[in-house]
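So the chains spell out like this:
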Amino acid sequence: MTDSFEDNDAFAFAGLRLTVDLGALVQNWQDMARRSGRARTGAAVKADAYGLGIEDVGEALYLAGARDFFVATADEGATLRLYAPDARIFVLCGIWPGTERLFFENDLVPVIASEEQLTFWMSVVADHGDHPCALQVDTGFNRLGLRAEDAIALANDVSRPASFAPVLVISHLACADDPANVMNKQQLETFRTVSAAFEGIEASLANSAGIFLGSAYQFDLTRPGIALYGGQAVNGTANPMRPVATAEARIIQTRSVKAGETVSYGGALQLARDSRLAVVSAGYADGYMRSLSSGGVPLRQTGLPGGEGFIAGHKVPVAGRITMDLTIFDVTDVPEKLVRAGDYIELFGKNILIDDAARAAGTISYEMLTGLGLRHERRYISDETAE
Ligand SMILES: *Cc1c(COP(=O)(O)O)cnc(C)c1O
């Protein structure tokens, strides 16, 4: 990378830059659509499209043909509406009294998540007239949704108002990332019974991992999230998705340090050899989690190695504790002329897979992506440059 320190470059101010490959995103969505067989393929774009920007991500997926989107909150839905004019936007956390206008004005579909929400929604449509809703049914996750028996009773309740018009019944899988888990089948069986009770109404069960469980799980509409963003959906298998997000941190300075000296807070790393270190402008405030430190944090007492960066064809380990704004990498094994102030070290992307970075941090790619701080510069590219 030689474009550092240029004038008029938004990236020139950024310690951390994030590149989002919208071409790879769209290819991942198309891949999910192929794997979804006869089901329609939606997209989960909650939490600002898993931290990658709901405006650009939402628009790219809309232009690729996605017409069913899942957000967490109504204000996320209102933002997405500008980029997905005639799509169906489902709000997974449902509706709170006082937010009805957001739903009506932006044509958002609340996913009714509890008996209280159901009662409230019945009163809303009784006043305002017909407006589509969806129904979440809990089949074992015990997070959101009506209990299955209550949902079936509702389906069979002939006295329910005609203005109550669910267009979709959904449930969420707890263990789909583990295909052998018996809970998948149990949830499937329960959901089959529930969706049969809502005859003529579309049904949706599968997130990314659920899509990989096969056609029985796909019903009418699938809801992939993490796979669109390049994350691994299913544990213990090769990840077929393309990397979408690349995070790179700029080197502020390199330094030579003698064997026996220590690095960073707590002197948590003592160098075994004369070393060269590169200090980059990103730390835990940017979402490069402190648990990725090479030592001196509880996770490292498990014996697992810390985080790794990538520069000039080499993987380079984090050295010592990660600090709020800064992280130190050991670049001793990289030729000196290839690591200079102003160069960038990849934190995750095509060379350090997001799932590997997340594992080193003791977490999952979802948290790594949504945990990116507010200080990074983001750019979008739309054609695949690599491969
Ligand atoms: C987040 C979410 C999804 C998408 O899940 P992924 O594992 O990211 O594919 C689907 N459905 C619901 C209800 C969700 O909350």
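Residues numbered from 1 in each chain as written. Predicted model: local features only at pLDDT ≥ 70, side-chain atom pairs only at ≥ 80, totals over all residues. Heavy atoms only, no water.

Brief notes about the overall build of the protein chain
- The number of helices and strands found in the protein chain is 11 helices and 20 strands.
- In terms of overall size, the protein chain behaves like a compact globule, its C-alpha atoms giving a radius of gyration of 24 Å where 387 residues would be expected to give roughly 21 Å.
- Expressed as a percentage of its 387 residues, the buried residues of the protein chain come to 52%.
- In the protein chain, the share of contacts with a sequence separation of at least 24, taken over all contacts with a separation of at least 6, comes to 67%. (Helix = DSSP H or I, 4+ residues; strand = E, 2+ residues; numbered from the N terminus. Rg over C-alpha atoms; globule rule 2.2 N^0.38 Å. Buried < 20%, exposed > 50% of the residue type's maximum accessible area, 1.4 Å probe, protein only. Contact = heavy atoms within 4.5 Å.)

Topic: helix α7 (residues 148–155)
- Taken as a whole, α7 has its buried residues at Ala148, Ala151, Leu154 and Ala155. Axial view of α7: buried residues confined to an arc of 120°, hence all on one face.
- Where α7 is buried, its residues touch α6 (115–128), β7 (133–138), β8 (146–147) and α8 (182–197). (Arc of directions from axis to C-beta.)

Things to note about the packing of helix α1 (residues 22–35) against helix α3 (residues 54–64)
- Direction vectors running N to C along α1 and α3 enclose 50°, while the axes themselves pass 10 Å from each other. Between α1 and α3, the angle is such that the two are oblique. Note on packing geometry: the crossing formed by α1 with α3 is right-handed. Contacts between α1 and α3 involve Leu22, Leu25, Val26 and Trp29 from the first element and Asp56, Val57, Ala60, Leu61 and Ala64 from the second.
- The class makeup of the residues in the contact of α1 with α3 is eight nonpolar, no polar and one charged. (Axes fitted to C-alpha atoms, helices over the stretch in contact; angles between N-to-C directions. Parallel < 35°, antiparallel > 145°, perpendicular 65-115°, else oblique. Left-handed = near helix turned anticlockwise from the far one by under 90°. Nonpolar A, V, L, I, M, F, W, Y, C, P; charged D, E, K, R; others polar.)

Brief notes about the domain arrangement of the protein chain
- The domain architecture assigned to the protein chain consists of domain 1 (36–229) and domain 2 (245–381).
- Relative to domain 2, the C-alpha centre of domain 1 lies at a distance of 38 Å.
- Counting from both sides, the interface comprises nine residues of domain 1 and, opposite them, seven residues of domain 2.
- Summed over both partners, the interface of domain 1 with domain 2 comes to about 820 Å²; 63% of that surface belongs to carbon and sulfur atoms. (Domains from an automatic or database assignment. Buried area = accessible area lost by both parts, 1.4 Å probe.)

A few points about the side chain of Thr139
- Structurally, Thr139 can be placed in the loop between β7 and β8.
- The class of Thr139 is buried, set by a relative accessible area of 9%.
- Among the polar contacts made by the side chain of Thr139, one reaches the side chain of Ser171 at a distance of 2.7 Å.
- A polar side-chain atom of Thr139 sits 2.9 Å from a polar atom in the side chain of Gln187. (Polar contact = N/O pair within 3.5 Å; in protein donor to acceptor, adjacent residues only side chain to side chain.)

With respect to the site of the ligand
- Neighbouring residues of the ligand: 13 residues in total, closest Lys46, Tyr50, Ser208, Ile226 and Tyr366.
- One nitrogen or oxygen atom from the main chain of Gly225 is found 2.8 Å from an oxygen atom belonging to the ligand.
- Between the ligand and Tyr366, the relevant distance is 2.6 Å, taken from an oxygen atom to a side-chain nitrogen or oxygen of the residue.
- For the ligand, whose accessible area on its own is 390 Å², the fraction buried by protein is 94%.
- Assessed atom by atom at 2 Å from the grid points, the ligand resides in the largest pocket.
- Its residues placed into classes, the shell around the ligand shows six nonpolar, four polar and three charged. (Near = heavy atom within 4 Å. Areas by Shrake-Rupley, 256 points an atom, 1.4 Å probe, with all protein chains shown as cover. 1 Å grid on protein atoms, 1.4 Å probe; cavity = no way out; pocket = protein on both sides within 12 Å on 5 of 7 lines; lining within 4 Å. Sits in = over half its atoms within 2 Å of the grid points.)

Some remarks on the UniProt feature "modified residue: N6-(pyridoxal phosphate)lysine" (unreviewed entry) in the protein chain
- UniProt tags Lys46 as "modified residue: N6-(pyridoxal phosphate)lysine" (unreviewed entry).
- With respect to the element layout, Lys46 can be found in helix α2 (residues 46–50).
- With sequence-adjacent residues up to four places away left out, Lys46 is seen in contact with Phe70, Val71, Ala72, Glu76 and Leu92. (UniProt positions renumbered as here; feature names shortened; annotations may be inferred.)

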